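As a plain string of letters, each chain reads:
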Amino acid sequence: ENRKLPLCEKNIEKNGIEEKNMRERKKDVEGEIQSIAKDQKGEETKLRDLKQEFKIKNEAAKASRKALNVLKRNQEKIEMTKTALSEEIERLRATGTTEYEEKHMARVEQIRKTEEMVAALGAQSETSSNHLNHLHANYREAEARVMQLKGDKQRERGKAMKTQQELEALRKGGKNKLAAFGSLMPKVVAEIAKSKKFRLAPIGPLGAHINVKEGTSENIARAIEGELGGLMHSFLVSCSQDQKELFNLFSKSGLTHKPPIYTCQFTDRRHDIQAKRVNTDMFPVLIDYVDIEDTNVFNRVVDSGSLERILFIPTTREAEAVLSKPELVPDNTVHATVANSYQYYPAPNYRSYYQEDRSRGLLKANIEELVEQYEQQLAQEELQEREVEKLIKQANEEKMNHLKQIDAEERKLKHVRDKIRVKNNEIVNLKNDEENEAPPDISAFEDDLDSLKEELDVVVTNLEEENAKFTSATEVAEAAKDAFNEANECDNARREGVEPLSEELEQLENGIKKAKRDKEYYMTKRGEYKVKINKLVKEVEEKEERLGELVEKAKYWSEERIQSRKKVDSLKREVVKMEESLKQQEETQEPRELVTQKFDSLSQLYERARAQVMYMDETITFLVSMLGQRKLGFKIIRNTTSKNINRNFTTQLNVRQYIGKLEFDHHA
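How each quantity is defined
- Residues numbered from 1 in each chain as written.
- Predicted model: local features only at pLDDT ≥ 70, side-chain atom pairs only at ≥ 80, totals over all residues.
- Heavy atoms only, no water.
- Helix = DSSP H or I, 4+ residues; strand = E, 2+ residues; numbered from the N terminus.
- Buried < 20%, exposed > 50% of the residue type's maximum accessible area, 1.4 Å probe, protein only.
- Contact = heavy atoms within 4.5 Å.
- Areas by Shrake-Rupley, 256 points an atom, 1.4 Å probe, with all protein chains shown as cover.
- Phe/Tyr/Trp six-rings, centres within 6.5 Å; stacked < 30°, edge-to-face > 60°.
- Lys NZ or Arg CZ within 6 Å of the ring centre and 35° of its normal.
- Pairing = 2+ DSSP bridges.
- Right-handed = clockwise from strand over helix to strand, strands pointing away.
- Core = buried A, V, L, I, M, F, W, Y, C linked by side-chain atoms within 4.5 Å.
- Salt bridge = Lys/Arg side-chain N within 4 Å of Asp/Glu carboxyl O.
- Expected span 1.5 Å × (residues − 1).
- Arc of directions from axis to C-beta.
- Axes fitted to C-alpha atoms, helices over the stretch in contact; angles between N-to-C directions.
- Parallel < 35°, antiparallel > 145°, perpendicular 65-115°, else oblique.
- Left-handed = near helix turned anticlockwise from the far one by under 90°.
- Nonpolar A, V, L, I, M, F, W, Y, C, P; charged D, E, K, R; others polar.
- Patch = residues over 30% accessible without salt bridge, like charges linked within 9 Å, V, L, I, M, F, W, Y side chains within 5 Å.
- Lys, Arg positive; Asp, Glu negative; His and termini not counted.
- Charge placed at Lys NZ, Arg CZ, Asp CG, Glu CD.
- Polar contact = N/O pair within 3.5 Å; in protein donor to acceptor, adjacent residues only side chain to side chain.
- pLDDT = per-residue confidence, 0-100.

Caption draft 1: Summary view of the overall build of the chain. A tally of helices and strands in the chain yields 11 helices and eight strands. Within the span of the chain, comprising 668 residues, buried residues form 27% of the whole. By sequence separation, contacts in the chain at least 24 residues apart represent 79% of the contacts at least 6 residues apart. Total accessible area on the chain is roughly 47,000 Å²; 51% of this is exposed by carbon and sulfur atoms.

Caption draft 2: Structural detail: the packing of aromatic side chains. Considering all chains together, one arrives at five aromatic pairs under this definition. Relative to Tyr-353, the ring of Tyr-345 has its centre 6.0 Å away and its plane inclined at 80°; by these criteria the two rings are edge-to-face. Counting every residue linked through ring pairs, the aromatic cluster contains Tyr-342, Tyr-354 and Tyr-658. Sitting over the ring of Tyr-354, Arg-656 keeps its end group 4.6 Å from the ring centre.

Caption draft 3: Local environment of the environment of Pro-259. Within the secondary structure, Pro-259 is located in the loop between α5 (240-253) and β3 (261-263). Judged by relative accessible area, Pro-259 falls into the buried class, the value being 11%. Each C-alpha atom, one on Pro-259 and one on Leu-231, is 8.8 Å from the other, the two residues being 28 residues apart in sequence.

Caption draft 4: Representation of the pairing of strand β5 (residues 310-313). A two-sided burial pattern is seen for β5, the buried positions comprising Ile-310 and Phe-312 on one face and Leu-311 and Ile-313 on the other. The pairing of β5 with strand β6 (residues 335-338) spans four bridges and is parallel. The residue of β6 that forms the bridge with Phe-312 is Thr-337. In terms of handedness, the path from β5 via helix α7 (residues 316-323) over to β6 forms a crossover that is right-handed.

Caption draft 5: Just the nonpolar core, in detail. Ranked by size, the top nonpolar core spans 52 residues in total, and within it Ile-224, Leu-228, Leu-246, Leu-286, Val-297, Val-301 and Leu-307 carry the most contacts. Other than its neighbours up to four places away in sequence, Leu-307 contacts Ile-224, Glu-227, Leu-228, Val-285, Leu-286, Ile-287, Val-290 and Val-301.

Caption draft 6: The pattern of salt bridges, seen in detail. Enumeration over the complete set of coordinates arrives at 15 salt bridges. For Glu-116, the salt bridge goes to Arg-112, with nearest N and O atoms at 2.7 Å. Residue Glu-116 and its partner Arg-112 are both found in helix α2 (residues 98-172); the two are separated by four residues, about one turn of the helix. Overall, the relative accessible area of 46% leaves Glu-116 in the partly exposed class. A salt bridge links Arg-610 to Glu-607; its shortest N-O distance comes to 3.9 Å. Residue Arg-610 and its partner Glu-607 are both found in helix α11 (residues 592-655); the two are separated by three residues, about one turn of the helix.

Caption draft 7: Representation of α5. Under the 1.5 Å per step criterion, the end-to-end length of α5 is 20 Å for 14 residues, consistent within 8% with the ideal 20 Å. Taken as a whole, α5 has its buried residues at Asp-242, Glu-245, Leu-246, Leu-249, Phe-250 and Ser-253. All buried residues of α5 fall inside an arc of 145° around its axis, so they share one side. One or two residues past the end of α5 sits Gly-254, with phi positive at roughly 85°.

Caption draft 8: Layout of the packing of helix α3 (residues 185-194) against α5. Between α3 and α5, whose axes approach to 10 Å, the crossing angle comes to 135°. Relative to α5, the element α3 lies oblique. Here α3 and α5 pass one another in a crossing that is right-handed. Taking contact as the criterion, the partners of Lys-187, Val-188, Glu-191 and Ile-192 in α3 are, on α5, Leu-246, Leu-249, Phe-250 and Ser-253. Broken down by class, the residue content of the contact of α3 with α5 amounts to five nonpolar, one polar and two charged.

Caption draft 9: The sheet that holds β6, seen in detail. Pairing is mixed in the open sheet, where four strands are placed in the order β5-β6-β7-β8. Strand pairing shows two members of the sheet lacking a second neighbour, β5 and β8 (351-354), which therefore form its edges. Ignoring which end each strand starts from, the neighbouring axes of this sheet average 25° apart. In this structure, strand β7 (residues 342-345) lies alongside β8, joined through four bridges in antiparallel fashion. Counted as the bridge partner of Tyr-344 is Ser-352 from β8.

Caption draft 10: Fine view of a negative patch on the surface. On the surface, Asp-447, Asp-448, Asp-450, Glu-454 and Asp-457 cluster together into a patch of negative charge. Tracing the chain through its elements places Glu-454 in helix α9 (residues 442-559).

Caption draft 11: View of helix α6 (residues 295-305). Taken across its 11 residues, α6 has nine buried, putting it largely inside the fold. If you check which residues of α6 are buried, you get Thr-295, Asn-296, Val-297, Phe-298, Asn-299, Arg-300, Val-301, Val-302 and Gly-305. Where the residues of α6 are buried, they touch β1 (210-212), α4 (218-228), β2 (235-237), β3, β4 (290-292) and β5. At the N-terminal boundary of α6, the capping side chain belongs to Asp-294, with an oxygen 2.9 Å from the backbone nitrogen of Asn-296.

Caption draft 12: Here's a closer look at unusual backbone geometry. For the bond running from Gly-204 to Pro-205, omega is -10°, close enough to zero to count as cis. Relative to the helices and strands, Pro-205 is located in the loop between α3 and β1. For the bond from Ala-347 to Pro-348, the omega torsion is 15°, close enough to zero to count as cis. Within the secondary structure, Pro-348 sits in the loop between β7 and β8. Phi angles above zero are rare outside glycine, and Ser-306 is one such case at about 55°. Within the secondary structure, Ser-306 sits in the loop between α6 and β5. Phi is positive for Asn-332, close to 70°, though the residue is something other than glycine. Within the secondary structure layout, Asn-332 lies in the loop between α7 and β6.

Caption draft 13: Focus on the side chain of Ser-238. The topology assignment puts Ser-238 in the loop between β2 and α5. Residue Ser-238 is classed as buried on the basis of its relative accessible area, which comes to 10%. A polar atom in the side chain of Ser-238 sits 3.4 Å from the side chain of Asp-242. Not counting residues within four places of it along the chain, the set of residues in contact with Ser-238 comprises Leu-200, Thr-263, Cys-264, Gln-265 and Phe-266.

Caption draft 14: Broad picture of the confidence of the model for the chain. On average, residues of the chain score 80 in pLDDT, and 85% of them reach the 70 mark or higher. Confidence, read as mean pLDDT per element, is least for helix α10 (residues 568-588) in the chain (73) and greatest for β2 (93).

Okay, structure coming up:
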C-alpha cells in the first residue's frame, strides 16, 4: 500500500493540470462563440423581416391569381349563357308557342286524371282503415274471450281436482260419514274420544251433528250448508284449556288446515228463537229444515249461523219483488239466499251479492248417497272442463282467423297508401313542370341577351385590370423571395463557422468531466490506502503487545507445573459423561430436514383450509344473491297472479253487470 501512494499523487497532479488547461481553452472558445452570436442576432432580425415581407407579397400574388381565375370563369359562363340564349331566340322565332300549348294541355289532362285516381284510392284507404279497426276490435274481443275461457278452465279443473280428492277420502273412509269432513277427521275424532285430558269431551265436527229433515229438497239442503260455511267443520269446547289441548291434538294429527274452535259453556237448555225468528208462509225459513239433537250444537248454529232469520227464495225475480219493498219484507229477516248463488239483503238497505255455491252435500244422512253425489259432481265438472276446452279451441281458431284477416288488410292498406304516395308525387312533378315551363317571351330573352352583353363587357374590362395587378404582384413577390434567399444563405454560412467551435466546446467539456472524475477517483483511492495503512499499523501494535503477554505466560508455565487434585481416571469418566450428554442432546433434537418437512405439510394443510373457507364465502355470497333473485321472482309471480285474478274478477262482474273492486293485502 505504501508503494501505491506516490503513484496516486502523481496521477492526481497530472489530472489537475489537464483540467486547468482545458478550462482555460473552454473560456476562449465560449468567447469566440458569443462574439459570433452577437453579430448574428441583428442578421436574424433582418432575416425574419425579409421572410415576413415575402409571405405578405406572396399572399397578395395568390389573392390576385384567385380573383383573376374567378373573372375568367365568370367570362366563360356568361359567354356560354349568351350563346344558349341566342340559339333559343332563333329557335323561338322559327317555331313560335305551338309546342308549349300542346305540352300544357297534356299536363292539365294528366293532372286531372291522377287526382281522380288519388280520390278513389283515398276512399278505398278509408274503407280499409275502418275495416282494419273493426278487425282489431274483433281480435281483442277474441283474445279476451280466450283469456276468460282459460280462467274458466283453470277454475273447473281446480273444482274437479278438489272433488276427486274428497271422493277418494270418502272411499278410503269406508262408511264413516266423518270421512266427508277430511281424510284425517275419523282419526281426530277417535283421538278425542280416547283422550282423558279434556274436562268435557269436545263436540265436532258440528256438521256431523246437523241433519236435514226428511223430504227436504236438494236446493234447500245446499243453501243450509252454504250459509253454515266453515261452521260445518268447527268444534265446540267448554273452556280455554280444552281449546289449547284440542289445538295441540290437531297439530299432532297432521291437519294442514285446522278447523275453527268455539269456546262456550256447555248447557242443556236450548235457545228460544220464537221471538226473533222469521214467521212467514211466503218462503221457507232455513231453520225449519234442520234436525239437531245436540243442544250445544243447536245453540251454536243459532248464534253463528242465524238460520232462523234467513229465507230461501227460488228465483231472483221473486227476491227482487219482495225484498226491494219494505212493506213486503217479513219481520226479523237478515237476508235471503236466492238460487244458491246470491244473497239478497232486504229494504231499506236493499242490495245483492253473488255468492259461489260451495256446498258439498255434507248434510246427507247416507254416505252412499254422498259418494254418488260426488261421483256425479266429478263427472259434471270434468264434462264442463271438456266443454270449456272446446270453446277455447274455437276461440283460438276465431282469433287466428282475425289475425290472418288483419295481416291481409294491412298489406292491402299499405299497397293502397303506396299508390297514393306515388300518384301525389306525380301530381307535384306535373305542377312543377307546369310552373317551370311558362310560355316563352322572345322580347324578354332579347333584353336578357343585351344585359349579358353589357355584363360581359364589364367582366372583360375587370379581367384586363386584374391581369395587370397580378403581373405586378408576381414581380414584387419574386423580388422579395430573392432577397430572403440571399439573406438566408449568409446566415447559413455564419452558422457553419460556429459548428466546429461548438464541437470543440463539447469535447472540452467532456475532457474536463473525465479529468475531474479521474482526479476524484485517485483521491478516493489515496484515502482508502491511508486508512488501510493506519489499520494495519494498529493491528501490528496490538499483536506485538499480545505477543509480549503470551511470552510472559509461556515463561511462567514452563517454570512451574500445575497441580490437580483429580486423578486421571476420574477426569476420563467426566469426559465420557460429557460426550454421552452431547450425543443424547443430538438424538433428542429433531433434524433440520424433518422440521422442514413438517413445516411444508402444515403449510399445505393451512392453504387447503384457507381455500375451503374462501369457497364457503363465495357459496354464501351466491346463496345471498340467489335469495334476492328468488324474492324478486316471487314478487313478479305474485303481481302477475294478482293481475290475472283481478282481471277474471272484473270480467265476472261485467258479465253479471255488477260493480265491485278487488283489493289485495300483500302485507297481511
